[in-house]
Amino acid sequence: MLFAITCIDKPNSLELRLANRPPHLDYLNSYLAQIVIAGPLLDDAGEKPVGSLLVMEFADQASAEAFAAGDPYAKAGLFQSVSIRPYRKVLP
């Protein structure tokens, strides 16, 4: 089943995000076969990351939650909020 994981960074946390980016990318690469799409959410100017959006394949909600909790960004306390919702791809 697909899940949309939306993470919003805490305000003024760009340095924390950048410091934890290498282990975050290593973590994502270990789940590469399950990723449909992944990338940063950007500020209103479209320049600086302010969160993350991932659509990934997991067996169930608990597996998606475990993935999100294990993300180095989450472990570093980067996120203000995390939303995990079942998702259905319709187009294309």
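For the structure itself, look to the data block above.
Let us look at the structure shown here. (Residues numbered from 1 in each chain as written. Predicted model: local features only at pLDDT ≥ 70, side-chain atom pairs only at ≥ 80, totals over all residues. Heavy atoms only, no water.)

### What about the overall build of the chain?
(1) Moving on: Per the secondary structure count, the chain includes three helices and four strands.
(2) Moving on: Over its C-alpha atoms the chain spans a radius of gyration of 13 Å, differing by no more than 12% from the 12 Å that the globule rule assigns to 92 residues.
(3) Moving on: Reported as C-alpha extents along the three principal axes, the dimensions of the chain are approximately 35 × 25 × 20 Å.
(4) Moving on: For the chain, buried positions account for 30% of its 92 residues.
(5) Moving on: Once local pairs closer than 6 in sequence are excluded, the contacts in the chain between residues at least 24 apart make up 71%.
(6) Moving on: Counting every atom, the chain has about 5,800 Å² of accessible surface; 56% of that belongs to carbon and sulfur.
(7) Moving on: Side-chain charges in the chain split into 8 positive and 10 negative, and the spacing between the mean points of these groups amounts to 3 Å. (Helix = DSSP H or I, 4+ residues; strand = E, 2+ residues; numbered from the N terminus. Rg over C-alpha atoms; globule rule 2.2 N^0.38 Å. Buried < 20%, exposed > 50% of the residue type's maximum accessible area, 1.4 Å probe, protein only. Contact = heavy atoms within 4.5 Å. Areas by Shrake-Rupley, 256 points an atom, 1.4 Å probe, with all protein chains shown as cover. Lys, Arg positive; Asp, Glu negative; His and termini not counted. Charge placed at Lys NZ, Arg CZ, Asp CG, Glu CD.)

### Concerning the packing of aromatic side chains
(1) Moving on: Tallied over the entire structure, the rule returns six aromatic pairs.
(2) Moving on: The interplanar angle of 20° and the centroid separation of 5.2 Å between the aromatic rings of Tyr27 and Phe67 together place this pair among those described as stacked. Within this pair, whereas Tyr27 is found in helix α1 (residues 14-29), its partner Phe67 is found in helix α2 (residues 61-70), the two being separated by 40 residues in sequence. The exposure classification of Tyr27 matches that of Phe67, with both residues buried.
(3) Moving on: Taken together, Phe3, Tyr27, Tyr31, Phe58 and Phe67 form an aromatic cluster joined through their ring pairs. (Phe/Tyr/Trp six-rings, centres within 6.5 Å; stacked < 30°, edge-to-face > 60°.)

### Remarks on the pattern of salt bridges
(1) Moving on: Throughout the structure, instances matching the rule amount to one salt bridge.
(2) Moving on: Between Arg17 and Asp9 there is a salt bridge whose closest N-O contact spans 2.8 Å.
(3) Moving on: On the basis of relative accessibility, which here comes to 5%, the residue Arg17 falls in the buried class.
(4) Moving on: Under the relative-accessibility criterion, Asp9 is labelled buried at 7%. (Salt bridge = Lys/Arg side-chain N within 4 Å of Asp/Glu carboxyl O.)

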